[in-house]
Amino acid sequence: MNPFTTKPEKSARLFVDWEKLWPASYERRADPYTRARVILMNGTEFENVWFSHQFSRSVGDNDLRRALAELRRSEQQQQKLLAHLKPADETALEHTIGYEQLAVDLTAHLAQRVGSPDVRGALDFALLEDFDHLYRYADYLDAATGEKAEELVGRYTEIMPGRPTVAHHRHPADTVRRPMTGVQPATIDLLAANVITAAEQQTMNYYMNTAALWPEETGRRLYQEIGMVEEQHVTQYGSLLDPRLTWLENLLVHQYVECWLYWSCAETESNSRIRGLWQALFEQELLHLDIAQNLLRSREGKQWQQVIPDGEFPPPLRLESNIDYIRGILGQTAYNTAVREDYQDARTLGPDSSFAAYQRAVNRPLGHVVSHAFMQEYMDKNGRDYRFETAPHPIEPLRTRTRDNTQVGLPDAE
């Protein structure tokens, strides 16, 4: 399917009435990937809305601003609809498990599909950190409520340590990657970089807000710490995007990404009622894409093919279990850290490295790193950590369940 040459249904409208913005939520124990799709598309709409605001603030042409405002209002309606798909009785911590399952399986899926070594490297690197976040939040969920996260993730995603959280905290200079400024990126690479940037940005914002609202100190500090790691991920993924695109070219890309995602959701959704919503939103996005390409044509004299030469959709994005792939990446790269645009085994770094210096500034004393202090407290109280594993952990030091590991992924001197 090529959305640039696909006409939307005649029933598609930019704006809908209030009743249509209040759909019935998904069921309390819906398929975990239904929850994940809702989170994914909420984050995608958030990115589009804020991109549009920044675009509008950067131009002085009020006719263009009015066109953006009209498009943005429709995007805002879509976001409000998506937000109400979450059941009112699904707790913030349960929803957090959904965020991290999405981060893990979305990242793993995209990493297996992209062609760019830089994009794949960034995905594989952050994958192990989101995987570790799922483990920390799952243990906190069990400690706070007795609920087992393996039920929330449908046992599609393992719950065990990734690269330990203490090793995620890096100097900002080491979070920037090479942008896609060479040859025209493949369509899937363009899609992947934009999709993961929006998804991680949504996670960052969710944790920033949840930290302030959480009623208990350990949870507040855990959301604060992991929220800082998500900021690093947003910086990393955002730096992959092509900075040569004009605002209007970027607007076209944003709408194309949304079209592909809503189409993917409709193609892969197991819930027939929710699938109908994805299809309706896809039809709206075709209208948005048409507006974007008309603006590009009328104001810059460019055709969509100059921005996305191959408009044909690649196969749909699928959220599914990736246990074997994640285990492979974990076994190969758990000790890695980022060094400027590349990656290196942290054990080879000296005490004068930016990574080691940042660790000394932020993570000392180690007892103040709540992601690890809490885990050790949990282990001491319960005899061992909470996990859901399908086989022994691929990294031997991370198999220990009575002592939290704070060495893997750090310089030996640390």
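By the naming in an unreviewed UniProt entry, the protein is Ferritin-like domain-containing protein, taken from Candidatus Faecalibacterium faecipullorum.

Undergrad: I'd like a description of the packing of aromatic side chains, backed by residues and values.
TA: Summed over the entire model, instances satisfying the criterion amount to 21 aromatic pairs. For the pair Tyr-140 and Trp-214, a centre-to-centre distance of 6.2 Å together with 55° between the ring planes defines the contact as tilted. Taken together, the positions of Tyr-140 in helix H4 (residues 117-145) and Trp-214 in the loop between helix H6 (187-213) and helix H7 (217-238) put the pair 74 residues apart, joining distant regions of the chain. The class for Trp-214 is buried, based on a relative accessible area of 14%. Considering the side-chain rings of Trp-214 and Tyr-223, the 5.4 Å spacing of their centres and the 50° angle between planes classify their relative orientation as tilted. Note on accessibility: Trp-214 and Tyr-223 belong to one class, buried. Three or more aromatic residues link up through ring pairs in this structure, and these residues are Tyr-99, Tyr-137, Tyr-140, Tyr-206, Tyr-207, Trp-214, Tyr-223, Phe-374 and Tyr-378. Residue placement shows Arg-347 over the ring face of Tyr-335; its charged tip is 3.6 Å from the ring centre.

Undergrad: Can you lay out empty space enclosed by the protein for me, pointing to particular residues and giving the numbers?
TA: This structure, assessed with the given rule, holds 3 cavities of 30 Å³ or more. The wall of the largest cavity is formed by 13 residues, among which Pro-161, Arg-387, Leu-398, Asp-404 and Asn-405 lie closest to the centre. Approximately 50 Å³ is the volume found for the second largest cavity. Lining of the second largest cavity is provided by Asn-48, Val-49, Phe-51, Ser-52, Leu-68, Leu-71, Arg-72, Glu-75, Leu-251 and Gln-255. Residue composition of the lining of the second largest cavity, by class: 5 nonpolar, 3 polar and 2 charged.

Parameters and conventions
- Residues numbered from 1 in each chain as written.
- Predicted model: local features only at pLDDT ≥ 70, side-chain atom pairs only at ≥ 80, totals over all residues.
- Heavy atoms only, no water.
- Phe/Tyr/Trp six-rings, centres within 6.5 Å; stacked < 30°, edge-to-face > 60°.
- Helix = DSSP H or I, 4+ residues; strand = E, 2+ residues; numbered from the N terminus.
- Buried < 20%, exposed > 50% of the residue type's maximum accessible area, 1.4 Å probe, protein only.
- Lys NZ or Arg CZ within 6 Å of the ring centre and 35° of its normal.
- 1 Å grid on protein atoms, 1.4 Å probe; cavity = no way out; pocket = protein on both sides within 12 Å on 5 of 7 lines; lining within 4 Å.
- Points joined across faces, edges and corners; volume = space filled by probe spheres on them.
- Nonpolar A, V, L, I, M, F, W, Y, C, P; charged D, E, K, R; others polar.

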